[in-house]
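If you want the building blocks of each chain, they are given just below.
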Amino acid sequence: MSVCGAARFRGSVARILQQHRAVCSHTSGSSTEGIREKLQAFPGGSVELRKQRDSGVALLTLNNPARRNALSGSMMLDLEQRLCELETWTEGRAVIVQGAAGTFCSGSDLSAVRAIANPHDGMKMLSCGDVSGRLPLISVALVEGRALGGGAELTTACDFRLMTSDAVIQFVHKHMGLVPGWGGAARLVRIVGSQNALKLLSGARKVDPDTGKQMGLVDEVLHCSSGEGEALCQAERWLGPLIQGPAPVIQAVKRVVVSGRELPLDQALQTERSVFGTVWGAPANLEALALKPKHK
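Description of the structure in this document. (Residues numbered from 1 in each chain as written. Predicted model: local features only at pLDDT ≥ 70, side-chain atom pairs only at ≥ 80, totals over all residues. Heavy atoms only, no water.)

Points about the sheet that holds strand β3 (residues 94–99)
In a beta sheet, neighbouring strands pair by backbone hydrogen bonds and run either parallel or antiparallel. Pairing is mixed in the open sheet, where six strands are placed in the order β1-β2-β3-β4-β6-β9. Each edge of the sheet is formed by a strand with only one pairing partner; in this case those strands are β1 (46–52) and β9 (220–222). Taken pair by pair, the neighbouring strands of this sheet meet at an average axis angle of 20°, ignoring direction. Where β1 lies against strand β2 (residues 57–63), seven bridges are found, and the strand directions are antiparallel. Bridge pairing links Ser 46 to Asn 63 in β2. Each of β1, β2 and β3 touches helix α3 (residues 73–87); the most contacted strand, β1, lies at about 20° to it. (Pairing = 2+ DSSP bridges. Helix = DSSP H or I, 4+ residues; strand = E, 2+ residues; numbered from the N terminus. Axes fitted to C-alpha atoms, helices over the stretch in contact; angles between N-to-C directions. Contact = heavy atoms within 4.5 Å.)

Some details on the pairing of strand β6 (residues 160–164)
For β6, the tally of buried residues reaches four of five residues, placing the bulk of the element in the interior. In the sheet, strand β4 (residues 138–143) pairs with β6 via four bridges, with the strands oriented parallel. The partner of Val 140 across the bridge, within β6, is Phe 160. Note: β6 against β9, three bridges, orientation parallel. Note on β9: the bridge partner recorded for Leu 162 is Glu 220. (Buried < 20%, exposed > 50% of the residue type's maximum accessible area, 1.4 Å probe, protein only.)

Things to note about the nonpolar core
Grouped together as the largest cluster of nonpolar side chains are 45 residues, with contacts concentrated most on Val 95, Phe 104, Val 143, Ile 169 and Leu 217. Counting residues per element, the ones that place at least two in this core are α2 (33–40), β2, α3, β3, β4, α6 (150–156), α7 (184–192) and α8 (194–202). Element by element, the count of residues in this core is highest for α3, at six residues. In this structure Leu 217 touches Arg 161, Ile 169, Leu 188, Ile 191, Val 192, Leu 200, Val 207 and Gly 212, once residues within four positions along its chain are discounted. One finds Ile 96, Leu 142, Leu 162 and Ala 235 within the second-largest nonpolar core, a separate group that totals 15 residues. (Core = buried A, V, L, I, M, F, W, Y, C linked by side-chain atoms within 4.5 Å.)

Examining the packing of α7 against α8
Remark: α7 packs on α8, axes separated minimally by 7 Å, with the N-to-C direction vectors making an angle of 130°. As the angle between them shows, α7 and α8 are arranged oblique. In the packing of α7 onto α8, the handedness of the crossing is right-handed. Counted together, Ala 185, Leu 188, Val 189 and Val 192 of α7 and Ser 194, Asn 196, Ala 197, Leu 200 and Leu 201 of α8 form the full contact between these two elements. Here the residues of the contact of α7 with α8 are counted per class, giving seven nonpolar, two polar and no charged. (Parallel < 35°, antiparallel > 145°, perpendicular 65-115°, else oblique. Left-handed = near helix turned anticlockwise from the far one by under 90°. Nonpolar A, V, L, I, M, F, W, Y, C, P; charged D, E, K, R; others polar.)

Examining the layout of surface pockets
Its boundaries defined by the atoms lining it, the largest pocket holds a volume of some 1,100 Å³. Taken together, 33 residues line the largest pocket, and the ones lying closest to its centre are Val 113, Met 125, Met 176, Leu 178 and Val 179. At the level of elements, α1 (3–27), α4 (110–115), α5 (119–125) and α6 are the ones that each hand at least two residues to the lining of the largest pocket. For the lining of the largest pocket, the per-class residue count stands at 17 nonpolar, eleven polar and five charged. Empty space within the second largest pocket amounts to approximately 600 Å³. Contributing to the lining of the second largest pocket are 25 residues, with Asp 159, Lys 254, Val 258, Arg 261 and Glu 262 lying nearest its centre. Secondary structure elements with two or more residues in the lining of the second largest pocket: β6, α7 and α11 (247–262). (1 Å grid on protein atoms, 1.4 Å probe; cavity = no way out; pocket = protein on both sides within 12 Å on 5 of 7 lines; lining within 4 Å. Points joined across faces, edges and corners; volume = space filled by probe spheres on them.)

Here we look at the side chain of His 173
Within the secondary structure, His 173 is located in the loop between β7 (168–170) and α7. Residue classification places His 173 among the buried positions, given a relative accessible area of 9%. In this view, His 173 contacts Gly 149, Gly 150, Glu 153, Leu 178, Val 179 and Pro 180; residues no more than four positions away in its chain are not counted.

Structure representation (structure tokens):
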């Protein structure tokens, strides 16, 4: 590249960055009411929440099989409401995020995406359907079939990822001229490291279960195929040992781990002390002390 060409390139990059800073500044504090109306204009599918009170495990299901469980505009709003319900479920221990009909999620419905394909609406959309920090329980992404684009991002918002033997995770954002915006890139770096994250994002590489487990993206490969109906049973069995104990304690464990993972150290330490104060002397602690045999 010539000197003049390099100068023009740097100038173009500077202008783009300036424009995006202006967009971010304008939208960061603005209301999402307008974007909600636009998203609601693109219905289809649903996000369902079923709480299993005996086990304390909730099933969060993306249900839009006609479009491989792509998130329609109304589903993004549904997802936000379901997350609010999870946040107030005091008896909950864990949530399994899954897709209906043997596939996880193929990303966002392109009909809705095309209607808001401008920077202002795009920035506002990020506040709708954003799962970042919103899963208060131990969370598992049960990946059957394909998890593409926004669906791949959703898997990273969960604490654990389980895949059936024929499933695929693929960050296809590059093919749409995009990068993740719901925190998928930042979380991916923390899960698999910057080099692997760069390979997955810049190459839009398909991740099969074995490759995913090797790089740390996948926690367990389930010995079944997508859509057989066995995956959920295996996921619940895998999750069982992690959620034994009182729900308030399991939730407290989740909070201190998330704060340690995502907050600066001083804030994480402060959060840990605060959470400790909610369980010290609480019923579960007192019951354990009463049952504990004396030291010999």
